[in-house]
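Coordinates in review
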Amino acid sequence: MQRYSGFGLLRHAMSHHENWQRVWRNPKPKKHYDVIIVGGGGHGLATAYYLAKVHNITNVAVIEKGYLGGGNTARNTTIVRSNYLWDESALLYEHAMKLWEGLSQDLNYNVMFSQRGVLNLGHTLQDMRDIQRRVNANRLNGIDSVALDTQGVQEIVPIMDCTTSRRYPILGASWQPRAGVARHDAVAWGYARAADALGVDLIQQCEVTDILTEDGAATGVMTKEYGAIKGGRIGCVVAGNSGVLAKMAGFRLPIESHPLQALVSEPIRPILDTVVMSNQVHGYISQSDKGDLVIGAGIDGYNGYGQRGSYSTIEHTLQAIVELFPIFSRVRMNRQWGGIVDTTPDACPIISETPVENLFFNCGWGTGGFKATPGSGHVFAQTLAKGKASELAKPFSMFRFHTGALVDEHGAAGVAH
Amino acid sequence: MRQTNRLSDGGRIDRSKPMTFSFNGNQYSGYEGDTLSSALIANGVNVIGRSFKYGRPRGIVAAGADEPNAIVQLGATEATQVPNVRATQQPLFDGLVSQPTSGWPSLKFDLLGFSGQLFGRALPPGFYYKTFMFPQAAWKFYEKHIRKAAGLGRSPTEPDVDEYDHLNQHTDVLIVGAGPAGLSAALTAARSGAHVILADEQAEMGGSLLSSRSRINGAEASQWVADTLQELAGMDNVLLLPNATVNGYHDHNFLTIHERRTDHLGDRAPENQTRQRMHRVRADWVVLATGAHERPLVYANNDLPGCMLASAVSTYIRRYAVIPGHSLVAMTTNDAGYQAAFDWQDAGRNVVALVDTRQAPTGDCVEEARRRGIRLLIGHAVIEAKGSTRVSAARVAPLSEDGQHLTGPAEKLACDTIASSGGWSPAVHLSCHTGGRPVWNDEVIGFVPGESLQRQSIAGAIAGTFDLAGCLEQGTQQGAEAARQAGYEAKPASLPTVEEPATGNAMALFCIPHEQRISRAPKQFVDFQNDVTAAAIELATREGFESIEHVKRYTALGFGTDQGKLGNINGMAIAAKSMNKTIAETGTTIFRPNYTPVTFGAIAGRHCDDLFDPERHTAMHDWHVRHGALFENVGQWKRPWYYPKPGETMQQSLDRECLATRNGVGILDASTLGKIDIQGKDAREFIGRVYTNAWAKLAVGKCRYGLMCGEDGMVFDDGVTSCLGEEHFLMTTTTGGAAHVLEWLELYHQTEWPELEVYMNTVTDHWATMTIAGPDSRKLLAELTDDIDLDKESFKFMDWRQGTVADVPARVFRISFTGELSYEINVPANYGLDVWEALFEKGERYNLTPYGTETMHILRAEKGFIIAGQDTDGSMHPYDLGLDWAVKEDKPYSFIGKRGMKREDCLRQDRKQLVGLKTKDPSIVLPEGAQAVDDPKQPVPMTMLGHVTSSYYSANLGRSIAMGVIRGGHQRSGETVYYPLSDGRVVEAEITSTLFLDPKGERQNV
Amino acid sequence: MFRIYCPYCGELREEEEFHPKGPAHLARPADPDNCTDEQWGDFLYFRDNPRGLHNELWVHALGCRKFFNVTRDTQTYLIKGSYRLGESPDQARTSGDQA
């Protein structure tokens, strides 16, 4: 792998950038792999990278029906945080957070992980109780997270309207300083480049049409472009299509696919240097290094694979943003888009063995998958390498939906007295 | 203030209405009818900004939505600042104040421009991915500096002074674009009687006809526009919307139109007018007549001010009577590009050369050029522009037939303007918003809309029809078709006669070759706003970014505020070529809303501030306000939180309210609790299925507490339900859960148990509910009623009675959430305030004390009553809460929740269970949300047992009390747990019963 | 932004009047007490989640409050029609009912 550095950049400038190597090969698939990963998004590519790097399993293919990182990796609002309520999820996301913190160096690719902090606002007394509960749990789990009062919030985001005149005044927030944002495309590309360098075959524009099984065990995949490709173990990491893949293998998942929309403003001069999220007023916002205000909307309630949702959701989101930031009223929205999120009943992922032997699923990340990318890949790689769920993955078995051992991250039921 | 580039006659500006405006601190003048860009050109302003990455000077390129460079900051006051306004789309008004958005520290001397020249070569696409990595902490430092360069304009720092609104519209036919196709479609559709909305983004309708040289019906095309608009304006079934951009095409023919109602009038909207309006339109049929965008050609230094689109040159001359230079070199791949040269010449200025990339162009224009004596360079191209802050010359060289090589030496032509036309790209954007994929058409040399699933058709240049006669014909056809589709009879219309030049074939050419290969030639810009060059695109593909989406994301092609309207197709062509593919194979990226940027405020509309979310007030709300209550938001309701008296701390108020209630009588406004009226012969059976406890034997006149679970067995709501009649019940719910519970009940009734005869409706707002609680509550009530027997034997705890209170018909429920003797008085909401005040009149001698939700919380916690949503979180079943008594396992019907709470994980002994907690130090109030551990000295991450759900100081008990969940807590009564707090303290607490006061329940049974 | 036909009101109305309520025909097991955990979990959580035609439950929340089923393509978002509870998907329609 050609190493990237500032010096290298200057050297290439001398030769008019004509000698840059390819970031990854474009190989024809082999007949057999030790592990086949279906899905070339951030999670799938990270899985391949850690399989090769940590477990020394390099005879690996990543099969992607479109282009690398073209699904939700390319469509999310890039928020990274680990301040989750329950131990099981907090440990998983904090594992990811620690990997984020050295990721650019590990991959020799600047993923622009920017620890500018994330605020989760509280607007009701119950919000504040929930914040205290979560912040206390975070602290005892070793996660940097503090509760702020209104003034504390105002100091961090002076341009937000923190007065009591708002419909739902800001009573406080939880604040995780190590949280932040990262450059989504770079994460996919960085993992892809590093995995490729370790020998992983990245097969783009190749659609899996069936899971091949013998005696109840998966043996490979059928593809539209290259026919059968055999594999010792198969890992499906196909957010937005998990149900479709599961159906191929003959089972169902506790998953519904919903549209999740996001939007950006035109680029404006830096004015917001942290991430602000509000459940009650329902919107979240940060400002990218390019200057765009990156804004997230709620999920649409119906099932949808169309990568678009309803306009009313966009309206409600911008109403929330203008309510929080009345000064943004004259800023203009440039573009909106949608992703397909696989939601589970407890808002936690599935990293799991399945009813089919040698077939594993990593899915159900809902609206929050991007932040977990390194952790998800790391944990899933271990699961695939050992053939059984790793310690961190165990609580996220798909079979918890039979036993009832859910990890309910919806937080408080949203019921008020 | 002289407009040096203003032509003495012609154009559609009103010379009788001069206006002044400022740009970059300088005062200029223009006329009504100008755009900001035409007025800037009139005043000879060349450089409008500096480029983002390389800091190169940039001028006006286009005349419409495709403009990438002339992006200005608008606004005379802080509150009216608008970032990133395209000068080409901003109508001029008197007093307009604008600033450049890029170029630091000044437009004339740009430090970035200086460094851009020095380091520009070191900044290939994606350079930031390849560097700034070491050491790990350094990114924070680099990023701070990179961010400084971010953005174009700036946000206002004061709240908006203007308002915005929404208008919902239903129409038979919506026509997007009022050029020749759109106008003729509108005319035909409207004549059929169909309701028609015609929307156009420009201030004046007519599109290309406003600057066309072609003639219609023997007169100037603009005359036909005027006649057509006059007829349309006179029809009741037509709504003409100028200054209105159709920005989003959503599913099932729902479209949004952003109408800028006052942006052309001034800095802020005139009084009593909304600044902008979003039309939310549901159209039976849509005709897209959005036209096309001209492609510039890509050549070296093509970003120098003075390099423009050929059609833009014509538009400025013919429509605005301004000319952007003195000497022109025009380059074209098609006949349309000739018009710029003719218009230039007609304006009396020098056309240096007309450079046609085709080897043997035919068509009337070629003849006319020869006739006019213009120097015609056939089979040539401009390969490079020369100049520093303005074009000073064009280097022109002969081209091979396929346009891929130079075949001879270059000649340098002195000029100050280079116009280029690479053909026209249909404006397919809206056709893609609902998932339609555009398809490449070799004849059109552009993407045209693919098959549509919406009720929609296309007409004119968007369909690849570039001749005027064709546009008029197609518009007429599609207007008729639209009317038919909407159920109207369209009569065949006669087409106007058109005089336009016959055209020859265009050449598919995008990037002009240079003597040096792309990687070494002077920069050939594709996307100006993001400084994306042909070399960058080529490099991206060479590095392996082969999907067009990868190319876009790696180079930032099309990420600007023009979203690639100008450069995308050129970029795709360059990417395709460098991968030896066709454009059809490479494909295009996907267009999504918005077509052009839309003001946040317009999308939000009036749903801000007071109208963000409705406030629900009880009948007694004004009384609470008058009596100094502080309020808590609960759902949409405003509930009194507590009633501080002057000088009191919050705790003092609560102590006073709590003591007054337990020692005398207090009163709570409980109107917000959800109330659902349930009737029908099977009402009792129905209630038995949705609650976990027994309902079969509840007699008329009796009340009972009920617990509601989901199918997973987890508690989600609770409340008291009363039997009003054998087939009539009144269910109460939590305040926030009311709507959800009603929908839940309806869901089960309609989907699972339609055979049950039961009807339900919300009556929450019908009743005002006031709870009087405390030992004196009976005495107080007795003073206000004479028809309800309040004797403790005849009106028992958990009974209800109908009667009169303060002369108002009332239902009185003897139920208690405080553990005190307590009555809940329900009267029709309109009488609520009267009865409330009557209670206070009589209550004076009992020291009747109003209390709010906080005191209610304390009083109920003293009794261990739960609050669903505070002491539960959707993961607790009734047994976890110690509410075993509220689950009737042997009901004949397997009630909702029964099976769920029997799942393997729900039967574990070490589940988190609700317990009482008493701190060892009675003065310490545990913080709600604190997490318990067995060993506070263990290392992090600690093993946590559960959190505190409710915690208060109880004045009645003279100590703190708390409730919380503890793993296996029901078996651990009397044990000690520890709460390590964020301030370093560790609070010790004993696990107890949740019944802190009056464990036998004697106080409520007096 | 869908336009949904309410088979009870007999009108095509705006999406904002309705709430989606998940897949249609999700019958509660007749004898919950004798279901295994697996069967109960399947009923509670496991879904077909098809890409393509989907029968789904909606409620006319800001209208007549009736629940009904809609057959909708989850890929194109085109709606084939609505039908009342108790009817079958092949009765899906976009007009014809009386209020």
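In short, a report on the structure. (Residues numbered from 1 in each chain as written. Chains lettered and ligands numbered in written order. Predicted model: local features only at pLDDT ≥ 70, side-chain atom pairs only at ≥ 80, totals over all residues. Heavy atoms only, no water.)

Considerations on the interface of chain C and chain A
Chain C puts 24 residues into the contact, and the matching count from chain A is 29 residues. Contact between chain C and chain A buries roughly 2300 Å² in total, counting both sides, with carbon and sulfur atoms accounting for 51%. Considering only the surface of chain C that becomes buried against chain A, Tyr45, Phe46 and Asn49 of chain C emerge as the three largest contributors, covering 31% of it. Where chain C touches chain A, the interface holds 2 salt bridges. One salt bridge connects Arg47 of chain C with Glu256 of chain A, and the closest N-O pair in it is separated by 3.9 Å. Connecting chain C to chain A are 15 residue pairs in polar contact (both at pLDDT 80 or more). Secondary structure elements with two or more residues in the side of chain C that touches chain A: strand S3 (19-23), helix H1 (37-45) and strand S4 (53-59) of chain C. (Contact = heavy atoms within 4.5 Å. Buried area = accessible area lost by both parts, 1.4 Å probe. Salt bridge = Lys/Arg side-chain N within 4 Å of Asp/Glu carboxyl O. Polar contact = N/O pair within 3.5 Å; in protein donor to acceptor, adjacent residues only side chain to side chain. Helix = DSSP H or I, 4+ residues; strand = E, 2+ residues; numbered from the N terminus.)

Section: the sheet that holds strand S40 (residues 759-762) of chain B
In any sheet, the strands associate via hydrogen bonds between backbone groups, in a parallel or an antiparallel arrangement. Residue and element names in this part refer to chain B. Strand order in the open sheet formed by 5 strands is S37-S38-S39-S36-S40, with antiparallel pairing between adjacent strands. Since the sheet does not close on itself, it has two edges, and those belong to strand S37 (703-709) and S40, each with one partner. Sheet twist, expressed as the mean angle between neighbouring strand axes with direction ignored, is 25 degrees. Here strand S38 (residues 715-725) pairs with strand S39 (residues 728-733) via 4 bridges, running antiparallel. Considered in S39, the bridge of Thr721 is made with Met731. Most of the contacts of helix H18 (residues 683-690) go to S39, to which it runs at about 25 degrees, and overall it touches strand S36 (674-679), S37, S38, S39 and S40. (Pairing = 2+ DSSP bridges. Axes fitted to C-alpha atoms, helices over the stretch in contact; angles between N-to-C directions.)

Things to note about the packing of helix H2 (residues 42-54) of chain A against helix H10 (residues 373-386) of chain A
All names here are of chain A. Their axes nearest at 7 Å, the elements H2 and H10 cross at an angle of 55 degrees. In terms of axis orientation, H2 runs oblique to H10. Helix-helix and strand crossings are classified by hand; for H2 and H10 the assignment is right-handed. For the pair H2 and H10, contact is made by Gly42, His43, Ala46, Thr47, Tyr50, Leu51 and Val54 and by Thr373, Pro374, Ser376, Gly377, His378, Phe380, Ala381, Leu384 and Ala385, respectively. Within the contact of H2 with H10, the residues separate by chemical class into 9 nonpolar, 7 polar and no charged. (Parallel < 35°, antiparallel > 145°, perpendicular 65-115°, else oblique. Left-handed = near helix turned anticlockwise from the far one by under 90°. Nonpolar A, V, L, I, M, F, W, Y, C, P; charged D, E, K, R; others polar.)

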